[in-house]
Amino acid sequence: MIKAEARLGVDVDSLGDDADLYQAGMTSHASVNLMLALENEFDVEFPDRMLKRSVFESVAAIAAALDELDVQAA
Amino acid sequence: MTLRIGIDLVDVRDVEDSLARFGSDYLERVYTAREVASARGGTSASSLAAFFAAKEATLKAIATEREGIGWNKIEIGTVHGRRASLSLSDGAADAARSAGITSFEVSVARSRTHASAIVIATGAIDRNPAGQGGPR
């Protein structure tokens, strides 16, 4: 999904889970697409309080955010 | 005195792609109803790109990493020439207030392929000196 939405300048498969996606080329607008795709795929909604750079900054950060949303939905 | 600046550049094709793929979800999460109406009911990707650039520039000027802010909590008003009006609600208004920001100057530029915006935010008291706010 990150490969499809983030529009990185590098191969996402070459990045570690903690690699900075913004430094790898993800723009602010691309982060919108990534958010919407994640919401559709996992049937969650990111609340406004989570709409900040650090939440979408890395694969690890995104996974942690999804975990948090899953816990809230439970 | 508080003085902050934000800038952003958006590729119109990215907005076209978002509209095609996410449709009303994209419009509702990012833009206000007035912005959508102003952008020919959400069909003008160029206008939406300009609005998004101005929103992101504003966020860069006011935001910290303490709390996120929804894009639709920043409304870009009518663009007069290269200047635009701006209004904040909810978390965006709170963030500006916390930073001591009381006024904004917004300028946008558009080409066939891109939109850009720069925002200068000012206030009387710097409640969050440089180094205590995070980039967005």
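Quick note: structure is the one above.
What you see is a predicted model; the values in this text were computed from it and never measured. (Residues numbered from 1 in each chain as written. Chains lettered and ligands numbered in written order. Predicted model: local features only at pLDDT ≥ 70, side-chain atom pairs only at ≥ 80, totals over all residues. Heavy atoms only, no water.)

For the rest of this paragraph, the subject is the interface of chain B and chain A. On the side of chain A, 20 residues touch chain B, which itself brings 24 residues to the contact. When chain B packs against chain A, close to 1,900 Å² is buried across both sides, 50% of that on carbon and sulfur atoms. In this structure, the connection of chain B to chain A is made through 2 salt bridges. For Lys73 of chain B, the salt bridge identified is with Asp48 of chain A, shortest N-O distance 2.8 Å. Applying the counting criterion to the chain B and chain A interface returns 9 residue pairs in polar contact (both at pLDDT 80 or more). Among the elements of the structure, β1 (2–11), α1 (12–30) and α3 (45–62) of chain B are those that each provide at least two residues to the side of chain B that touches chain A. Looking at the side of chain B that touches chain A, the element that brings in the most residues is α1 of chain B, giving 10 residues. (Contact = heavy atoms within 4.5 Å. Buried area = accessible area lost by both parts, 1.4 Å probe. Salt bridge = Lys/Arg side-chain N within 4 Å of Asp/Glu carboxyl O. Polar contact = N/O pair within 3.5 Å; in protein donor to acceptor, adjacent residues only side chain to side chain. Helix = DSSP H or I, 4+ residues; strand = E, 2+ residues; numbered from the N terminus.)

Glancing now at the pattern of salt bridges. Summed over all chains, the structure comprises 9 salt bridges over all chains. Across the pair Glu39 of chain A and Arg29 of chain B runs a salt bridge whose closest N-O atoms are separated by 2.5 Å. Residue Glu39 of chain A is located in helix α2 (residues 28–42), and its partner Arg29 of chain B is located in helix α1; the two belong to separate chains. No difference in accessibility class separates Glu39 of chain A from Arg29 of chain B, as the two residues are buried. Put simply, Asp17 of chain B and Arg21 of chain B hold a salt bridge, and the shortest N to O gap is 3.3 Å. Note that Asp17 of chain B and Arg21 of chain B are positioned in helix α1 at a spacing of 4 residues, about one turn of the helix. Using a relative accessible area of 22% as the deciding quantity, one classes Asp17 of chain B as partly exposed. (Buried < 20%, exposed > 50% of the residue type's maximum accessible area, 1.4 Å probe, protein only.)

If you look at the biggest cluster of nonpolar residues, it comprises 61 residues, and the most contacted ones within it are Phe46 and Phe56 of chain A together with Tyr26 and Tyr31 of chain B. Considering every element that reaches this core, the biggest residue donor is α3 of chain B, with 12 residues. Look past the residues within four positions of Tyr26 of chain B in its chain and what remains in contact with it is His29, Val32 and Leu36 of chain A together with Val15, Ser18, Leu19 and Tyr31 of chain B. (Core = buried A, V, L, I, M, F, W, Y, C linked by side-chain atoms within 4.5 Å.)

On to the packing of α2 of chain A against α1 of chain B. Packing of α2 of chain A against α1 of chain B leaves a shortest axis separation of 10 Å and a crossing angle of 65°. The angle between the axes of α2 of chain A and α1 of chain B places the two elements in the roughly perpendicular class. The chirality of how α2 of chain A crosses α1 of chain B is left-handed. For the pair α2 of chain A and α1 of chain B, the contacting residues are His29, Val32, Asn33, Met35, Leu36, Ala37, Glu39 and Asn40 of chain A in the first and Asp14, Val15, Asp17, Ser18, Arg21, Phe22, Asp25, Tyr26, Arg29 and Val30 of chain B in the second. (Axes fitted to C-alpha atoms, helices over the stretch in contact; angles between N-to-C directions. Parallel < 35°, antiparallel > 145°, perpendicular 65-115°, else oblique. Left-handed = near helix turned anticlockwise from the far one by under 90°.)

With that settled, the discussion passes to unusual backbone geometry. Residue and element names in this part refer to chain A. A positive phi is found at Asp43, a non-glycine position, where the angle reads about 55°. Tracing the chain through its elements places Asp43 in the loop between α2 and α3 (59–73). On the accessibility criterion, Asp43 (70% relative accessible area) is exposed.

To continue, consider a nonpolar patch on the surface. All names here are of chain B. Where nonpolar side chains cluster on the molecular surface, the patch consists of Met1, Leu3, Ile5, Ile7, Ile118 and Ile120 and spans about 620 Å² of accessible area. Sorting the residues of the nonpolar patch by element identifies β1 and β5 (114–123) as the ones contributing at least two each. Ranked by the residues each element gives to the nonpolar patch, the list is headed by β1, at 3 residues. Relative to the helices and strands, Met1 is located in the segment before β1. For Met1, a relative accessible area of 71% puts it in the exposed group. (Patch = residues over 30% accessible without salt bridge, like charges linked within 9 Å, V, L, I, M, F, W, Y side chains within 5 Å. Areas by Shrake-Rupley, 256 points an atom, 1.4 Å probe, with all protein chains shown as cover.)

It is worth spelling out the pairing of strand β4 (residues 103–110) of chain B at this point. Residues and elements named next belong to chain B. By the bridge criterion, 2 bridges tie strand β3 (residues 83–88) to β4 in an arrangement that is antiparallel. Looking across to β4, one finds that Arg83 is bridged to Ser107. In this sheet, β5 lies alongside β4 in antiparallel orientation, the contact comprising 8 bridges. Bridged to Val108 within β5 is Ala117. Hairpin connection between β4 and β5: a loop of 3 residues separates the two successive antiparallel strands. (Pairing = 2+ DSSP bridges.)

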